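Chain by chain, the residues run as shown.
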Amino acid sequence: MDATTAPHRIPPEMPQYGEANHVFELMQNMLEQLLIQQPKDPITFMIEHLQRDNDYVPKIVILGPPASGKTTIAMWLGKHLNSNLLSVESLIAKEYSSLAASARTHYQKFQTLPNMLLVRLLQERLREEDCVRRGWILDGIPETREQALLIQTLGVSPRHVIVLSAPDTVLIERNLGKRIDPQTGEIYHTTFDWPPESEIQNRLIVPAGISEGETARRLLEYHRNIVRILPSYPKIVKVITADQPCVDVFYQALTYVQTIHRSNAPFTPRVLLCGPVGSGKSRQAALLAQKYGLVNVCCGQLLKEAMADKSKYGEMIQPFFEKETAVPSYVIMKVLKQRLDQQDCVERGWVLHDFPRDRDQACLMDSMGYKPNRVFFLNVPYDSIIERLTLRRTDPVTGERAWALGLSAAPGPS
Ligand SMILES: Nc1ncnc2c1ncn2[C@@H]1O[C@H](COP(=O)(O)OP(=O)(O)OP(=O)(O)O)[C@@H](O)[C@H]1O
Ligand SMILES: Nc1nc2c(ncn2[C@H]2C[C@H](O)[C@@H](COP(=O)(O)OP(=O)(O)O)O2)c(=O)[nH]1
């Protein structure tokens, strides 16, 4: 096939640049907001969106039955992440908002809000600069599937949804000990979280709606709704047991909200296997190559092939093999570059082993622009390695390795 009909070669720098700068996610988030907000002037909107650079601010929903600790965890997360805590109470308490004023009236009468009113209140709040810049944490919102769907049509999509769970009996018992500081809004508990300062202790109040009957009624309401809400958030829900100390719940929640979900960006695996001889690099490389369609690149094998082909690098390598001395890193890197730049490695990705073997080689590889995006270090006890190496057999024809115990050999490098 001549150069005019050969497929267009994607230079390896392109996918690497896209991955390193999260270009795909950047464009995907901007496009998502563009289609949701439908601004009159898309160009200005896109420029402002990109300048805001708020694609990774917290967008968290915390759901759970009464007394499961939603507000407690939401408050602690809000402080830790410097983000905004939004609950029904905080939304209707908003000042200088006619919407909030009418919501307050309705809430005082019926202790609940119509779905559309709540969602419009939420939309008004999320558009404010602090929520745009520092993200938000919804405490107990949405309460119903209808609210979840309405919120989604507004384009408000959380990145992480945490669902707290605990047995009803535990929650009914727990709620009886709930106390609130009217000055700060902080939540305490007569048994699990009692403030040390006597000044705070003295001013704590017993909140409404914590009696056994009231909690049981709210639990019934919650169980009926939650099963219909969760399907709105496939793949981003994490259930955390709330029947454990608050601090443990908090740290599990914090760990989860700090994870970044896999994006839909095209991903070319560039895997590096490190580890002592006999740790299983060749075997794992062969299995990874087989499973994910990667190119299995064994550095040692490459050097032998270069010598067998009597290529110019092969002639440079030959003397070092004959004298059984280390081949200079820059020569190895040239052979490696030749292989990793081939179309199959660029398109399918690669799994490399037997190189780099030291820091200098790793820095050389990095400086040449070959940056693995997954690195595994195989750590095996010394005795196991000795046993494996004594039992290892290599096929002189195919180079495949197997165990003297008859373990089938995984396919060798390609
Ligand atoms: N993991 C926990 N272990 C023990 N007590 C907890 C735990 N989490 C919260 N609490 C206590 O339980 C009570 C209820 O907590 P919180 O108000 O945060 O729950 P909630 O889910 O927001 O409840 P509601 O939905 O009724 O507002 C508080 O007194 C709080 O201190
Ligand atoms: N028990 C056990 N043995 C393994 C495993 N991976 C590889 N082996 C065996 C197969 C080989 O005979 C020997 C060394 O494996 P290898 O893949 O050649 O090691 P490496 O020198 O490439 O790192 O150990 C493994 O995961 N478990």
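Overview of the structure. (Residues numbered from 1 in each chain as written. Chains lettered and ligands numbered in written order. Predicted model: local features only at pLDDT ≥ 70, side-chain atom pairs only at ≥ 80, totals over all residues. Heavy atoms only, no water.)

**Some details on a nonpolar patch on the surface**
Inference 1: Where nonpolar side chains cluster on the molecular surface, the patch consists of Leu-26, Met-27 and Leu-50 and spans about 220 Å² of accessible area.
Inference 2: Mapped onto the secondary structure, Met-27 falls in helix H2 (residues 23-37). (Patch = residues over 30% accessible without salt bridge, like charges linked within 9 Å, V, L, I, M, F, W, Y side chains within 5 Å. Areas by Shrake-Rupley, 256 points an atom, 1.4 Å probe, with all protein chains shown as cover. Salt bridge = Lys/Arg side-chain N within 4 Å of Asp/Glu carboxyl O. Helix = DSSP H or I, 4+ residues; strand = E, 2+ residues; numbered from the N terminus.)

**Let's talk about the sheet that holds strand S11 (residues 374-377)**
Inference 1: Here 4 strands make up an open sheet; going across it, the order is S9-S10-S8-S11 and the pairing parallel. Single-partner strands in this sheet number two, and they are strand S9 (295-298) and S11. Here the average twist between neighbouring strands, direction ignored, is 15 degrees.
Inference 2: Where strand S8 (residues 270-274) and S11 come together, 4 bridges link them in parallel fashion. Its bridge partner being in S11, Cys-274 is matched across the sheet by Phe-377.
Inference 3: Relative to the sheet, helix H15 (residues 299-308) contacts S9 and strand S10 (350-353), its axis offset from that of S9 by approximately 75 degrees.
Inference 4: Here helix H17 (residues 329-340) sits on the sheet in contact with S9 and S10, set at roughly 170 degrees to S9. (Pairing = 2+ DSSP bridges. Axes fitted to C-alpha atoms, helices over the stretch in contact; angles between N-to-C directions. Contact = heavy atoms within 4.5 Å.)

**A short note on the site of ligand 1**
Inference 1: Around ligand 1 lies a shell of 20 residues, among which Lys-70, Thr-71, Thr-72, Tyr-188 and Gln-244 are the nearest.
Inference 2: Between an oxygen atom of ligand 1 and a main-chain N or O atom of Gly-69, the distance comes to 3.0 Å.
Inference 3: Taking 620 Å² as the accessible area of ligand 1 by itself, protein coverage stands at 93%.
Inference 4: Put simply, the parts of the chain that give the shell around ligand 1 at least two residues each are helix H4 (70-81), strand S6 (187-189) and helix H13 (246-257).
Inference 5: Considering only residue class, the shell around ligand 1 consists of 10 nonpolar, 6 polar and 4 charged. (Near = heavy atom within 4 Å. Polar contact = N/O pair within 3.5 Å; in protein donor to acceptor, adjacent residues only side chain to side chain. Nonpolar A, V, L, I, M, F, W, Y, C, P; charged D, E, K, R; others polar.)

**Topic: H13**
Inference 1: Taking 1.5 Å per residue, 12 residues should reach 16 Å; H13 reaches 16 Å between its end C-alpha atoms and fits that length.
Inference 2: Residues Val-249, Phe-250, Ala-253, Leu-254, Tyr-256 and Val-257 constitute the buried set of H13. Buried residues of H13, seen end-on, are gathered within an arc of 160 degrees and therefore sit on one face of the element.
Inference 3: In the core, the buried residues of H13 are packed alongside strand S1 (59-63), H4, strand S4 (160-165) and strand S7 (237-241). (Expected span 1.5 Å × (residues − 1). Buried < 20%, exposed > 50% of the residue type's maximum accessible area, 1.4 Å probe, protein only. Arc of directions from axis to C-beta.)

**A closer look at the pairing of strand S3 (residues 136-139)**
Inference 1: Burial of S3 is two-sided: the residues Trp-136 and Leu-138 facing one way and the residues Ile-137 and Asp-139 facing the other way are all buried.
Inference 2: Relative to S3, S1 is paired through 4 bridges, and the arrangement is parallel. Across the sheet, the residue bridging to Val-61 is Leu-138, located in S3.
Inference 3: Where strand S2 (residues 84-86) and S3 come together, 3 bridges link them in parallel fashion. Paired with Leu-86 across the two strands is Leu-138, which belongs to S3.

**Some remarks on helix H9 (residues 145-153)**
Inference 1: Within the sequence span of H9, burial applies to Gln-147, Ala-148 and Ile-151. Projected down its long axis, H9 carries its buried residues within an arc of 105 degrees, all on one side.
Inference 2: In this structure, the buried side of H9 is in contact with helix H7 (115-126) and helix H12 (212-229).
Inference 3: The positive-phi residue at the C-terminal boundary of H9 is Gly-155, with phi of around 85 degrees.

**So, the nonpolar core**
Inference 1: Core analysis: the biggest nonpolar cluster contains 52 residues, and Ile-62, Leu-77, Leu-113 and Ile-162 have the highest contact counts within it.
Inference 2: Counting residues in each nonpolar core, the second largest holds 24 residues, with Val-295, Leu-302, Leu-352 and Met-365 among its members. (Core = buried A, V, L, I, M, F, W, Y, C linked by side-chain atoms within 4.5 Å.)

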